[in-house]
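# Coordinate analysis (summary)
One-letter residues, chain by chain:
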Amino acid sequence: MSKPQRLIFGETLVELGSSVENLIVCDADVSGSTQTKLFGTKYPERFFNFGIAEGNMVSAAAGMASTGMIPVVSTFALFLALRAGDPVRSLVAYNKLNVKIAGGYAGLSDFADGASHQTIEDMGVMQAIPNILVLCPSDITTTKKAVEEMIKYEGPVYLRLSREAITQEYDENINFEIGKGITVNDGSDVTIIGCGIPMRFARCAVEQLKTEGINARLIDMPTVKPLDSKIIANAATETGAIVTVEEHNIFGGLGSSVASLISETNPIPVVKVGVSDKYGESGKYEEILARAGISTEEIIKAVKKAISLK
Amino acid sequence: MTTKELQKTAQELRLTVLEMNHKAGSGHTGGSYSCAEITTVLYEQFMNIDSSNPKLETRDRFVLSKGHAAPTLYVTLARKGFFDKEILGTLRQTGSILQGHPCMSKCPGVDMSMGSLGLGASVGVGMALSARVKNEKWRTYVICGDGELDEGQNWEAFASIAKWNLSNLTVIIDKNNVQLDGTKEEIMPMNDLKGKLNAFGLKTMECNGHDCEELESTIKAANEDNDAVVIIAHTVKGKGVSFMEGQAAWHGKPINAEDFANAEAELTATLNNL
């Protein structure tokens, strides 16, 4: 079973709309793309389309949250993290307002549109701002639960979403908790920690590595901030090397945060797989991911490098 | 309050702000003075608030988009009983609830932290939409500076006020014609502000922003109007102190002992004649 992540997001908002009466959804003229139009159709009185004016939308959401509403602001990740960066920081985060920032089409998932619409900086921006949680789920179950949990959580949350279709990897009864990683595969030679879409490559890499006699532990990290320091410390102690995998610039994302944490707690090699500090381009999704530095092969290379550095 | 009492209260506020900014060694006197009467009239004649319950859900909301006029808001909130007047002397000091720009998590009565310019009208839009969704009667008031209208986001906000015809929101533009580096005309001319607002689909009303009677009747008319209204309040930056009036230099200049004495004398003399 596979489904576009944005569709899961849109459908979950509709489901929540009946029980969460103070849920408001706002979009900036891309509700057909982000799938917030589903909520807008069902609950038109609680849906506001601000047009192509992201700063106004996020600032208004801050105003809404200050009066007890739970606004979800939705558009492409790039425009939330950077165009609306000031209101995100100066209103939402500074005041710990209950605004949910849903960045769609993140990473290179808007593949055909090219670098102007792709986002490799959003987690860096959001992680550098105090008070904001950063979520980046990888499968259908965790995406649905991430949406549900962020609405339950009192405070600002950044939810990173992809345009891409994702599969169901986890049972619906999985214990999903904000701030907790999920051990997908146990292993003792190295640990791969990933988030979002490239988890699919990480899963392939684990299987291929097995054939070469390398047992890799695989951890899915749907919460990038705050990091699950316990699961990472255990992985560091027990496997002695870490590889991070994400669809984000290698600066400012999951890899930077894991490396930063590890350097202070369990200094061991950390090798980062991600966008190698350059802009994306138009093309087929997996082709441009590979050209940016994200593929099963890159992960395998990184694993071998990490092990050699032990 | 009577008009006379309002004028006196605003003038007393100027004296307190002078002391606060003098003691703090920094702070924005010019912009605090231009909105002294607007803020006073709003809080004394219109705002439905309860200082013993600052978070009262049904209260009216106030957004000081020109957050650098914080001293004016602080004096007003202290007068309304949100905190002890003695705290006013701690403006901008380490650990004070009175930050250089208003902070809602520190200072009771502040409905939204402000300081980064150009965001307040948008916040007002969100508050007004919330009231509509909740079917609540409370109103939202926003004071914008004319300097901050340089920021394009204000115009996004104005477009959305018109789109949703937010008649439960009153935006008052403190039009003092001066910004930090110089006059509006020199730095970024606004030209026909009223015409621009009208072209955005908004009804406008104008008044003398230092005349409490005019302010009160204009705000009342705006509140009673079925359409969204933006009030252009014509003001003078640094109003009340002749050497500060209309001077960009007094946007945020520390007040030395000599200037303090002269300003205090002039403000007191005016107060005594009211």
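Residues numbered from 1 in each chain as written. Chains lettered and ligands numbered in written order. Predicted model: local features only at pLDDT ≥ 70, side-chain atom pairs only at ≥ 80, totals over all residues. Heavy atoms only, no water.

The next point concerns the overall build of chain A. A count of helical and extended segments in chain A gives 13 helices and 14 strands. For 310 residues, the compact-globule estimate of 2.2 N^0.38 gives 19 Å, and chain A sits close to it at 19 Å. Taken over the C-alpha atoms alone, chain A extends approximately 60 × 40 × 35 Å along its principal axes. Put simply, chain A has 310 residues, and 62% of those count as buried. Once local pairs closer than 6 in sequence are excluded, the contacts in chain A between residues at least 24 apart make up 78%. Of the roughly 11,100 Å² that chain A leaves accessible, carbon and sulfur atoms contribute 50%. With 29 positive and 37 negative side-chain charges, chain A shows a spacing of 2 Å between the two charge centroids. (Helix = DSSP H or I, 4+ residues; strand = E, 2+ residues; numbered from the N terminus. Rg over C-alpha atoms; globule rule 2.2 N^0.38 Å. Buried < 20%, exposed > 50% of the residue type's maximum accessible area, 1.4 Å probe, protein only. Contact = heavy atoms within 4.5 Å. Areas by Shrake-Rupley, 256 points an atom, 1.4 Å probe, with all protein chains shown as cover. Lys, Arg positive; Asp, Glu negative; His and termini not counted. Charge placed at Lys NZ, Arg CZ, Asp CG, Glu CD.)

Attention shifts here to the pattern of salt bridges. Side-chain pairs of opposite charge can arise where the charged atoms are in close proximity. Residues and elements named next belong to chain A. Within this structure, the stated rule accounts for 25 salt bridges over all chains. The salt bridge partner of glutamate 238 is arginine 217, with a shortest N-O separation of 2.7 Å. In this pair, glutamate 238 sits in helix 10 (residues 229-239) while arginine 217 sits in strand 11 (residues 216-220), placing the two residues 21 residues apart along the sequence. Salt bridges sharing partners connect three or more residues here, namely Glu15, Lys144 and Glu148. (Salt bridge = Lys/Arg side-chain N within 4 Å of Asp/Glu carboxyl O.)

Grouped burial of nonpolar side chains is what soluble globular proteins tend to show. Within the largest apolar cluster, 131 residues are counted, with the highest numbers of intra-cluster contacts made by Phe50(A), Leu42(B), Val125(B) and Phe158(B). Counting contributing residues per domain, this core is built from domain 1 (2-167) and domain 2 (182-308) of chain A, each supplying no fewer than three. Apart from the residues within four sequence positions on either side, Val125(B) is in contact with Phe50(A), Ala60(A), Ala157(B), Ser160(B), Ile161(B), Trp164(B), Leu166(B) and Leu169(B). Formed by 36 residues, the second largest nonpolar core is a distinct cluster that contains Ile182(A), Leu209(A), Ile214(A) and Val271(A). (Core = buried A, V, L, I, M, F, W, Y, C linked by side-chain atoms within 4.5 Å. Domains from an automatic or database assignment.)

Glancing now at the sheet that holds strand 6 (residues 133-135) of chain A. All names here are of chain A. Here we have 7 strands laid out as an open sheet, ordered 3-2-4-5-7-6-12, and mixed in their pairing. Only two strands of the sheet have a single partner each, and these edge strands are strand 3 (47-49) and strand 12 (223-225). Shown here is a sheet whose adjacent strand axes are inclined to one another by a mean of 20 degrees, direction ignored. With respect to the sheet, helix 4 (residues 54-66) is in contact with strand 2 (23-27), strand 3 and strand 4 (70-76), its orientation differing from that of strand 4 by roughly 165 degrees. (Pairing = 2+ DSSP bridges. Axes fitted to C-alpha atoms, helices over the stretch in contact; angles between N-to-C directions.)

All names here are of chain B. On the secondary structure map, aspartate 150 appears in the loop between strand 2 (140-145) and helix 6 (153-163). The exposure class assigned to aspartate 150 is partly exposed, which follows from its relative accessible area of 34%. Residues aspartate 150 and cysteine 107, spaced 43 residues apart in sequence, show a C-alpha to C-alpha distance of 28 Å. The residues contacting aspartate 150, other than those within four sequence positions of it, are Gln179, Lys184, Met188 and Met190. Reaching out from aspartate 150, the side chain makes a polar contact with the side chain of lysine 184 at a distance of 2.4 Å. (Polar contact = N/O pair within 3.5 Å; in protein donor to acceptor, adjacent residues only side chain to side chain.)

Here the focus is helix 3 (residues 36-46) of chain B. With respect to burial, helix 3 of chain B is a largely interior element, 10 of its 11 residues being buried. If you check which residues of helix 3 of chain B are buried, you get Ala36(B), Glu37(B), Ile38(B), Thr39(B), Thr40(B), Val41(B), Leu42(B), Tyr43(B), Glu44(B) and Phe46(B).

Moving on, we come to the interface of chain A and chain B. If you look at the interface, chain A gives 26 residues, while chain B gives 25 residues. In this assembly, chain A packs against chain B so that about 1,900 Å² is buried in total across both faces, 64% of it on carbon and sulfur atoms. In terms of surface lost to chain B, no three residues of chain A exceed Asn56(A), Thr67(A) and Tyr94(A), which account for 27% of the buried area on that side. The interface formed by chain A and chain B contains 0 salt bridges. Scanning the region where chain A abuts chain B turns up 10 residue pairs in polar contact (both at pLDDT 80 or more). At the level of secondary structure, the elements contributing two or more residues to the side of chain A that touches chain B comprise strand 3, helix 4 and helix 6 (85-93) of chain A. Examining the composition of the side of chain A that touches chain B, we find that 9 residues originate from one element, helix 4 of chain A, more than from any other. Residues belonging to the side of chain A that touches chain B are distributed by class as follows: 12 nonpolar, 10 polar and 4 charged. (Buried area = accessible area lost by both parts, 1.4 Å probe. Nonpolar A, V, L, I, M, F, W, Y, C, P; charged D, E, K, R; others polar.)

All names here are of chain B. Assignment of secondary structure puts threonine 39 in helix 3. Assessed through its relative accessible area of 1%, threonine 39 is described here as buried. Here threonine 39 is in contact with Thr72, Thr76 and Ile143, once residues within four sequence places are set aside.

Let us look at the domain arrangement of chain A. Residue and element names in this part refer to chain A. Partitioning chain A into domains gives domain 1 (2-167) and domain 2 (182-308). Using only C-alpha atoms to locate each centre, domain 1 and domain 2 end up separated by 25 Å. Between domain 1 and domain 2, the residue contacts involve 32 residues of the former and 33 residues of the latter. Buried surface at the junction of domain 1 and domain 2, summed over both partners, amounts to about 2,300 Å²; 58% is from carbon and sulfur atoms. For the domain 1 face of the interface with domain 2, the top three residues by lost area are Leu108, Ile120 and Gln127, together amounting to 29%. Applying the counting criterion to the domain 1 and domain 2 interface returns 1 salt bridge. Its salt-bridge partner being arginine 200, residue glutamate 164 comes within 2.9 Å of it at the nearest N-O pair. Applying the counting rule to domain 1 against domain 2 returns 23 residue pairs in polar contact (both at pLDDT 80 or more).

Once that is clear, we can look at the side chain of Asp27(A). All names here are of chain A. Within the element layout of this structure, aspartate 27 appears in strand 2. Buried aspartate 27, no salt bridge; nearest opposite-charge side chain is arginine 6, N-O distance 10 Å. A distance of 3.4 Å separates a polar atom in the side chain of aspartate 27 from the backbone nitrogen of serine 31. One polar contact links aspartate 27 to serine 74, side chain to side chain, over a distance of 3.1 Å.

Residue and element names in this part refer to chain B. Read from one edge to the other, the open sheet built from 5 strands follows the order 1-2-3-5-4, with strand pairing classed as parallel. Each of the sheet's edge strands pairs with one partner strand only, and the pair in question is strand 1 (61-64) and strand 4 (203-208). On average, adjacent strands in this sheet sit at an angle of 20 degrees to one another, irrespective of strand direction. Across 6 bridges, strand 2 lies against strand 3 (residues 169-175) in parallel orientation. Each residue of the ladder has a partner; that of isoleucine 143, found in strand 3, is isoleucine 172. Across the sheet, helix 3 touches strand 1, strand 2, strand 3 and strand 5 (229-234), and the angle it forms with strand 2 is around 175 degrees. Against the sheet, helix 9 (residues 212-224) engages strand 2, strand 3, strand 4 and strand 5, with an angle of about 165 degrees to strand 4.

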